[in-house]
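Reading the structure
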Amino acid sequence: MKILLFFFLLHLQIFFQISSPQFLPPNTTGYACNLNQTTPSCQTYAFFRAMSPNLDLASISDLFAVSRPMIAKPSNLTSLTSPLVPNQSLFIPLTCSCNTINKTTNLSYAEVHYTIQQGDTFFLVSTNFYQNLTTYQSVEIVNPTLIPINLTIGQDVIFPIFCKCPTKTQLQNQVNYLISYVFQPFDTISSIASRFGSTTKSIVEVNGDAVSPYDTVFVPVSRLPELSQPSPTRVSVGQNRDRKSEVIGLGIGLGVCGILLIAMGSYWAHRETLWKKRVGQKRFNDVESKKFEVSDILADVSDCLDKYKVYRIEELNEATDGFDERCVIQGSVFKGCIDGKQYAIKKMKWNACEELKILQKVNHGNLVMLEGFCIDSYEGNCYLVYEYLENGSLYTRLHDNKLDRLSWRSRLRIAVDIANGLQYIHEHTRPRVVHKDITSSNILLDSHMRAKIANFGLAKSGCNAITMHIVGSPGYIAPEYLHDGVVTTKMDVFAFGVVLLELISGKEAIDKDGKVLWVQVCDNFNGNEEKYRHKLKGFIDDSLVKESCSIDNVMNVMSISIACLHKDPTRRPSMVDIVYALCKSDDLFTDLSEDGFSPHQVLAR
């Protein structure tokens, strides 16, 4: 039924557009670009109107995978949380690129990822949510493996938002942006020129003069025009005059409250007696409710039952001597022996369900392997049983002076292992997984000093969600997440940059005085190459200085770290780029060759 309705609406729209001479069909497949005439990518903007149901900045920023401040600043908004009004004008920042579709076709667009919800189609999302800044035909071209009439809820789809980068000639003529604007039925080219501070001639030069309703028009401007926004509601003079009567009313109300408090005191004594009688009944109810909770969580993780071993609580108690403190590895993680094999057993409350769902989707040599789990209905706990890694955490190996210091080759190999693990969860899971808590404590080392990423307790499946509850480890949290709560893969890239600093310097992410390592680095490492090199010699771990490792190789890794720590998340490299850059090191090549494989194999792993 939904499929028939979709095609009916589609043909109805096309009929009305074609049957009326002034409503010609818009460009449907996208806008061609020439890599020889324009820059490969650029920062530009799309004009967007706030429409129901997206009448708040959080929803719109989530839709376009950017943070709220990135929209608020160019849109002249003074508040990140105030509700928007229908048709309120906004500028959406886009990273526009010239993308190769096939041997003969290059299309210019900004790649925006959208997670399919119930009832979504390419057509409805393109027209209703993205307001014709793209078309369903172009979505089909960019996602050739997807079947438009058979979409799955939760499926990740690329929506190509139409955009263009200025040509070299345009840049010379002070055209810095080509704003993407959807031509409306009531628009004229001259009215658009007036609105954006451009000229009719320059718009025609870019778009031609045969512009139809719902075509994307690219408006050339040297700078963004200032959008006029609705004024915030102010308190009226009459309201100020009523404050005196409000104060009088408040006094009367306080008096009444005092009388009520006396009455409540008497009632409370009587209630205390009744409460003691009900304690026994409450304990019984708690046990019964836990039975329902067990059923709920088993239903949620039913997909895991055939993939992982389900342990009995008696097995785990025996393995850890009743979860004795002597078996604690770190926090709530215990070392246990089951059938002669060592495991790491993580004790949790019922919130293990999300972690289990994420772990069942991933399988990679640089991620700690989950062996099984256990649900204890009596205590209300869930236990995750992981493989045990003999050499503990990277944090301990770097910062415990009692242990042998890691060589530069070992550190570099650990960095590549971490990067490979992150590349896998960012690029090869759908929807993409964001770890959200990459720290040296959550990197574990096996008997060969190979690194694996652990602790997916805070991980998020799906990018660009907005959360008001900020979680993570101080010293590793990306500034945009701390400020705006937006979850993206680039927050993992930022945390990875901090871990690289730890590997280079042997220093902690936050020292005993509360100084943050990445802030010190970004403030101090600038200037020319000679000054940069001099500062680096005083920054690197003393053990590396004694080892006489190549300062050029350390400089390369330091440059990667600083790129990861860029305050603008869009300018941070992807984990694919990071793996490639790290694997170019001569030190890494020599070390990996000794183990019998090359950096190219690391990339392909």
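What you see is a predicted model, and the numbers here were worked out from it, not measured in a lab.

Analysis parameters
Residues numbered from 1 in each chain as written. Predicted model: local features only at pLDDT ≥ 70, side-chain atom pairs only at ≥ 80, totals over all residues. Heavy atoms only, no water. Buried < 20%, exposed > 50% of the residue type's maximum accessible area, 1.4 Å probe, protein only. Helix = DSSP H or I, 4+ residues; strand = E, 2+ residues; numbered from the N terminus. Pairing = 2+ DSSP bridges. 1 Å grid on protein atoms, 1.4 Å probe; cavity = no way out; pocket = protein on both sides within 12 Å on 5 of 7 lines; lining within 4 Å. Points joined across faces, edges and corners; volume = space filled by probe spheres on them. Nonpolar A, V, L, I, M, F, W, Y, C, P; charged D, E, K, R; others polar. Contact = heavy atoms within 4.5 Å. Polar contact = N/O pair within 3.5 Å; in protein donor to acceptor, adjacent residues only side chain to side chain. Salt bridge = Lys/Arg side-chain N within 4 Å of Asp/Glu carboxyl O. Axes fitted to C-alpha atoms, helices over the stretch in contact; angles between N-to-C directions. Parallel < 35°, antiparallel > 145°, perpendicular 65-115°, else oblique. Left-handed = near helix turned anticlockwise from the far one by under 90°. Disulfide = S-S within 2.5 Å.

Remark: a regular strand shows side chains that alternate across the two faces of the sheet. The buried fraction of strand E5 (residues 177–182) amounts to five of the six residues, a majority that puts the element mostly inside the structure. Note: E5 against strand E6 (residues 216–221), six bridges, orientation antiparallel. Looking at the pairing, Tyr181 lines up with Val217 of E6.

Going through the model one piece at a time under the given rule, you end up with three cavities of 30 Å³ or more. Along its surface, the largest cavity is lined by 14 residues, and Lys436, Asp437, Tyr476, Ile477 and Ala495 are the ones closest to its centre. Sort the elements by how many residues they give to the lining of the largest cavity and helix H16 (residues 489–505) lands first, with three residues. Looking at the lining of the largest cavity residue by residue, the class counts come to eight nonpolar, three polar and three charged.

We now examine the environment of Leu458. Along the polypeptide, Leu458 turns up in the loop between strand E15 (451–453) and strand E16 (460–461). In this structure Leu458 comes out as partly exposed when scored by relative accessible area, which is 31%. As a C-alpha pair, Leu458 and Glu355 span 103 residues in sequence and 7.7 Å in three-dimensional space. Here Leu458 is in contact with His435, Lys436, Asp437, Val471 and Gly472, once residues within four sequence places are set aside.

Locating Gln229 in the fold gives a position in the loop between E6 and helix H9 (237–241). Relative accessible area serves as the criterion here: at 18%, Gln229 is assigned to the buried category. Polar contacts involving the side chain of Gln229 include one to the side chain of Gln88, which spans 3.0 Å. At 2.9 Å, the side chain of Gln229 forms a polar contact with the backbone oxygen of Ser89.

Our next topic: the pattern of salt bridges. Side-chain pairing between opposite charges can occur once the charged atoms of the two side chains come close. Under the criterion given, the structure shown has nine salt bridges. With a closest N to O distance of 3.9 Å, Arg312 and Glu315 form a salt bridge. A salt bridge links Asp541 to Arg411; the shortest N-O distance between them is 3.0 Å. One end of the pair, Asp541, is in the loop between helix H18 (529–539) and helix H19 (542–547); the other, Arg411, is in helix H14 (residues 408–427), and 130 residues separate them in sequence. By relative accessible area, which is 1% here, Arg411 ends up buried. Taken together, the shared-partner salt bridges connect Arg312, Glu314 and Glu315 into one network.

This next bit is on the sheet that holds strand E11 (residues 370–376). Judged by pairing direction, the sheet is mixed, and its six strands sit side by side in the order E7-E11-E12-E10-E9-E8 without closing on themselves. Sheet topology places strand E7 (309–310) and strand E8 (328–330) at the edges, where each strand pairs with a single neighbour. The pairing of E11 with strand E12 (residues 381–387) spans six bridges and is classified as antiparallel. Looking at the pairing, Leu370 lines up with Tyr386 of E12.

What follows covers helix H2 (residues 57–64). Among the eight residues that make up H2, six are buried, leaving the element largely enclosed by the rest of the structure. Of the positions making up H2, those classed as buried are Leu57, Ala58, Ile60, Ser61, Leu63 and Phe64. In the stretch just after H2, Ala65 is the one whose phi turns positive, near 60°.

Okay, the packing of helix H20 (residues 551–564) against helix H21 (residues 575–582) next. When two helices pack together, their arrangement is given by the angle between their axes and by how far apart the axes lie. At their nearest, the axes of H20 and H21 sit 10 Å apart, and the two run at 170° to each other. Our classification of the angle between H20 and H21 gives roughly antiparallel. For the pair H20 and H21, contact is made by Val557, Ile560 and Cys564 and by Ile578, Ala581 and Leu582, respectively. The residue makeup of the contact of H20 with H21, split by class, is six nonpolar, no polar and no charged.

Here we take up the packing of H14 against H21. Running from amino to carboxyl end, H14 crosses H21 at an angle of 155°, the nearest separation of the two axes being 9 Å. Judged by the angle between their axes, H14 and H21 are roughly antiparallel. Of the two possible hands of crossing, H14 and H21 adopt the one that is left-handed. Residues Leu412, Ala415, Val416, Ala419, Asn420, Leu422, Gln423, His426 and Glu427 of H14 pack against Met575, Val576, Ile578, Val579 and Leu582 of H21.

Residue Ser52 is joined to Pro53 through a cis peptide bond whose omega torsion reads 5°. Position of Pro53 relative to the elements: it lies in the loop between strand E1 (41–49) and H2. Of note, the amide linkage connecting Arg430 to Pro431 takes the cis form, showing an omega dihedral of -10°. Here Pro431 shows up in the loop between H14 and strand E13 (433–434). Backbone geometry places Asp321, a non-glycine residue, at a positive phi of 55°. Following the sequence through the fold, Asp321 ends up in the loop between helix H11 (313–319) and E8. Phi angles above zero are rare outside glycine, and Phe323 is one such case at about 55°. Structurally, the position occupied by Phe323 is in the loop between H11 and E8. According to the relative accessible area criterion, Phe323 is buried, its value standing at 12%.

Turning to the state of the cysteines, a few remarks are in order. On inspection of all chains with the given rule, the structure shows three disulfides. Here Cys42 engages in a disulfide with Cys165; their sulfurs sit 2.1 Å apart. Measuring the twist about the S-S bond at about -95°, one finds the Cys42-Cys165 disulfide to be left-handed. One end of the pair, Cys42, is in strand E1; the other, Cys165, is in the loop between strand E4 (156–162) and helix H6 (168–172), with 123 residues separating them in the sequence. Here Cys96 engages in a disulfide with Cys163; their sulfurs sit 2.1 Å apart. In this structure the cystine formed by Cys96 and Cys163 twists about its S-S bond by roughly 95°; its chirality is therefore right-handed. Of this pair, Cys96 sits in strand E2 (residues 89–100) while Cys163 is found in the loop between E4 and H6, placing the two residues 67 residues apart along the sequence. Summarising the burial analysis for this pair, Cys96 and Cys163 share the class buried. With its bonded cysteines labelled in order along the sequence, the chain shows the pairing 1-4, 2-6, 3-5. The structure places no disulfide on Cys382, whose sulfur is separated from the nearest cysteine sulfur, that of Cys374, by 7.5 Å. Under the relative-accessibility criterion, Cys382 is labelled buried at 0%.

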